[in-house]
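Analysis of the macromolecular model
Residues per chain, in single letters:
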Amino acid sequence: TAGELGRDMGWEIYAVGGFVRDILLGRPNSDLDLVVEGDAIAYARRMADLLGGRIKAHVKFKTAVVILADGQRVDVATARLEYYEYPAAMPTVELSSIKMDLYRRDFTINALALRINPGRFGQLVDFFGAEQDMKNKVIRVLHSLSFVEDPTRILRAIRFERRFDFQIGGQTLRLIKNALSLDLFSKLSGTRILHELQLIMVEENPLACLNRMQELGILEAIHPLLKLSGERMQVLMELVKVNNWYKLLYQKPEAEPWKLHLLGLTMGIKRDQIGQITSRLRLTAREERDFILLRDQIGEALMKLMSWREDRSRLSRLCAILRPIPLEGVLFLMARSKKEHIRRNISQYLNRLRDITSDVTGDDLKTLGIRPGPAYTTILARVLDAKIDGRATSREDQLRLVER
Ligand code: ATP
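Structure report, in brief. (Residues numbered from 1 in each chain as written. Predicted model: local features only at pLDDT ≥ 70, side-chain atom pairs only at ≥ 80, totals over all residues. Heavy atoms only, no water.)

1. A short note on the overall build of the protein chain
- Looking only at helices and strands, one finds 21 helices and nine strands in the protein chain.
- Compactness check: the protein chain gives a C-alpha radius of gyration of 28 Å against a globular reference of 22 Å for 404 residues, more than 25% above the reference.
- In terms of principal-axis extent, the alpha carbons of the protein chain reach across some 90 × 50 × 35 Å.
- Within the protein chain, the fraction of its 404 residues that count as buried is 49%.
- Pairs at least 24 apart in sequence give 64% of the contacts found in the protein chain among residues at least 6 apart.
- Total accessible area computed for the protein chain in this model is approximately 20,800 Å², and 51% of it derives from carbon and sulfur atoms.
- On the protein chain, the mean spot of the 63 positive side-chain charges and the mean spot of the 52 negative ones are 4 Å from each other. (Helix = DSSP H or I, 4+ residues; strand = E, 2+ residues; numbered from the N terminus. Rg over C-alpha atoms; globule rule 2.2 N^0.38 Å. Buried < 20%, exposed > 50% of the residue type's maximum accessible area, 1.4 Å probe, protein only. Contact = heavy atoms within 4.5 Å. Areas by Shrake-Rupley, 256 points an atom, 1.4 Å probe, with all protein chains shown as cover. Lys, Arg positive; Asp, Glu negative; His and termini not counted. Charge placed at Lys NZ, Arg CZ, Asp CG, Glu CD.)

This is how it looks when you write it as structure tokens:
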């Protein structure tokens with residue numbers, strides 16, 4: 001239908017980008033990106049009418065998103081001929097607009113299009129040798145100014161390289177090194193770096209990407225304090241294991257991957273220097289405050305855990321240490337602890353202890369004639385501790401504790 005609609009409106013329609021790449025690589029990809037050699041917004045509107053959905057249009061960029069009734073989204077863009085976006089060498093007049101559209105993209109494998117108009121449906125449009133690069137498993141930029149135009153592509157190159165187990169091509173690698181020696185990263189906004197880092201952290205193998213970044217000097221280019229030392233790498237590896245274990249057990253809440261990794265990457269950095277990194281990455285004031293607090297909480301908990309003895313009757317103490325700490329911090333503590341019994345007990349905490357609630361409620365306290373007030377919190381906490389420690393497992397035992 002998308003292609004027929006294009007024919008009816010007299011425009012050529014292409015599926016582009018990651019969608020086409022993933023079809024050729026035989027990988028799942030749910031985002032459909034279309035490019036219209038015509039008016040994308042008008043096209044999107046007709047598509048939404050036809051299929052039953054709504055659109056969000058960006059008039060300035062001549063793009064639209066069609067949101068179908070089942071929630072699926074289709075991005076539609078207008079093939080643009082804005083020659084000033086391109087290096088001067090391109091003779092723009094000779095090019096079709098789809099070629100120009102593809103030429104602004106990052107890598108050959110992302111610069112493929114698939115015609116979907118009837119009669120030409122399924123024809124691959126490959127101007128830059130993407131198919132060959134896929135065969136050779138190579139990540140290659142389209143022209144030598146690519147990283148100068150947009151240094152975030154360096155991070156994207158690494159992300160795709162590791163994801164598909166490809167190699168960044170020789171010339172492309174030289175261009176990356178050149179971009180780094182020109183210090184292009186320092187001109188890049190923290191917001192964009194953080195965004196790309198976040199995309200890396202949700203990859204299947206973020207550590208492979210971080211390793212590659214370290215190898216190429218990219219972490220240090222982002223900030224000199226961000227080095228992937230052996231110790232940090234080891235904790236990060238544990239952290240990934242711990243988080244995978246946690247994800248297998250639980251759905252929600254999930255730890256935020258960027259926070260987890262940033263904890264590992266900034267391990268050992270002094271408190272008064274951490275602000276340099278958070279401001280380089282343009283965390284919001286709130287994110288920065290929370291992150292610094294989280295590190296403080298972890299530091300404090302590590303001290304307390306050192307003197308915590310494993311004992312059933314002391315589990316409430318463990319809970320008291322861990323309860324105020326956000327999930328990312330608890331997972332980090334588990335990864336970081338060298339003592340087996342501490343890891344085991346933190347896993348108990350995540351598995352079971354943190355969900356225990358007391359069987360006595362505020363209403364019970366009222367019935368017992370205790371005046372509502374701050375004392376309730378203290379009493380209920382005491383009862384809960386007794387239950388966690390196994391001193392008062394039944395409701396009767398817990399009520400008896402209140403009466404005393
Ligand atoms: P993913 O599987 O990670 O979603 P994707 O290729 O679909 O990968 P998007 O970030 O959604 O990635 O980008 C869609 C397309 O837009 C890419 O395939 C690429 O052609 C183009 N693109 C995205 N970011 C850039 C960039 N920084 N420079 C040039 N082209 C880009």
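2. A short note on the site of the ligand
- In the vicinity of the ligand there are 14 residues, among which R21, N110, D150, R153 and R163 approach most closely.
- One nitrogen or oxygen atom from the side chain of R163 is found 2.7 Å from an oxygen atom belonging to the ligand.
- In the complex, the protein chains occlude 73% of the 590 Å² of accessible area that the ligand would expose alone.
- Tallying contributions element by element places helix 7 (residues 152-164) first for the shell around the ligand, with six residues. (Near = heavy atom within 4 Å. Polar contact = N/O pair within 3.5 Å; in protein donor to acceptor, adjacent residues only side chain to side chain.)

3. Overview of the pattern of salt bridges
- Under the definition given, this model contains 29 salt bridges.
- We note a salt bridge from D22 to R21, for which the minimum N-O separation is 3.0 Å. Each member of the pair, D22 as well as R21, carries the same accessibility label: buried.
- The network of salt bridges with common partners includes E161, R162, D165, R212 and E215. (Salt bridge = Lys/Arg side-chain N within 4 Å of Asp/Glu carboxyl O.)

4. Some words on the side chain of S97
- Relative to the assigned elements, S97 resides in helix 4 (residues 97-103).
- Judged by its relative accessible area of 16%, S97 is buried.
- One polar contact links S97 to E37, side chain to side chain, over a distance of 3.3 Å.

5. Thoughts on the packing of helix 20 (residues 375-388) against helix 21 (residues 395-403)
- Viewed as axis vectors pointing N to C, helix 20 and helix 21 meet at an angle of 140°, and their least axial separation amounts to 10 Å. By the angle between their axes, helix 20 is oblique relative to helix 21. Between helix 20 and helix 21 the crossing geometry is right-handed. Two secondary-structure elements touch here, helix 20 through I379, R382, V383, A386 and K387 and helix 21 through Q398, L401 and V402.
- Tallied by class, residues from the contact of helix 20 with helix 21 come to five nonpolar, one polar and two charged. (Axes fitted to C-alpha atoms, helices over the stretch in contact; angles between N-to-C directions. Parallel < 35°, antiparallel > 145°, perpendicular 65-115°, else oblique. Left-handed = near helix turned anticlockwise from the far one by under 90°. Nonpolar A, V, L, I, M, F, W, Y, C, P; charged D, E, K, R; others polar.)

6. With respect to the sheet that holds strand 5 (residues 73-78)
- Taken together, the seven strands give an open sheet; going across it, the order is 3-4-5-2-1-6-7, and neighbouring strands pair in mixed fashion. The sheet is open, and its two borders are formed by strand 3 (53-58) and strand 7 (124-125), each paired with just one other strand.
- Summarising the sheet, strand 1 (residues 13-16) and strand 6 (residues 113-115) pair through three bridges and their orientation is antiparallel. From the neighbouring strand, A15 faces strand 6, where its bridge partner is L114.
- Strand contacts of helix 2 (residues 18-25): strand 1, strand 2 (32-36), strand 6 and strand 7, with the helix running at about 65° to strand 1, the strand carrying the most contacts. (Pairing = 2+ DSSP bridges.)

7. Looking at the packing of helix 15 (residues 285-306) against helix 17 (residues 327-336)
- Between helix 15 and helix 17, the least distance of the axes is 10 Å, while the angle of their chain directions is 45°. On the basis of their axis angle, the class for helix 15 and helix 17 is oblique. Considering how the two elements wind past one another, helix 15 and helix 17 form a crossing that is right-handed. Contacts between helix 15 and helix 17 pair L294, I298, A301, L302 and L305 from the former with E328, G329, F332, L333 and R336 from the latter.
- The residue makeup of the contact of helix 15 with helix 17, split by class, is seven nonpolar, one polar and two charged.

8. A word on the nonpolar core
- Residues L34, Y43, M213 and I218 are the most contacted members of the largest nonpolar core, which totals 108 residues.
- The element best represented in this core is helix 17, accounting for seven residues.
- With residues near it in sequence (within four places) discarded, L34 still touches A2, I13, Y14, A15, Y43, M47, V74, D75, V76, A77 and I116.
- Residues A79, I98, A111 and A113 belong to the second largest nonpolar core, which totals 13 residues. (Core = buried A, V, L, I, M, F, W, Y, C linked by side-chain atoms within 4.5 Å.)

9. Some thoughts on the pairing of strand 3
- In this sheet, strand 4 (residues 63-68) lies alongside strand 3 in antiparallel orientation, the contact comprising six bridges. Looking at strand 4, one finds that G53 is bridged to L68.
- Hairpin geometry of strand 3 and strand 4 is characterised by an intervening segment of four residues between the two adjacent antiparallel strands and by a positive phi of about 55° at K62.

10. Comments concerning helix 2
- Those residues of helix 2 lying buried are G18, V20, R21 and D22.
- The secondary structure elements touched by the buried residues of helix 2 are strand 1, strand 6, strand 7, helix 5 (130-136) and helix 7.
- In the stretch just after helix 2, G26 is the one whose phi turns positive, near 70°.

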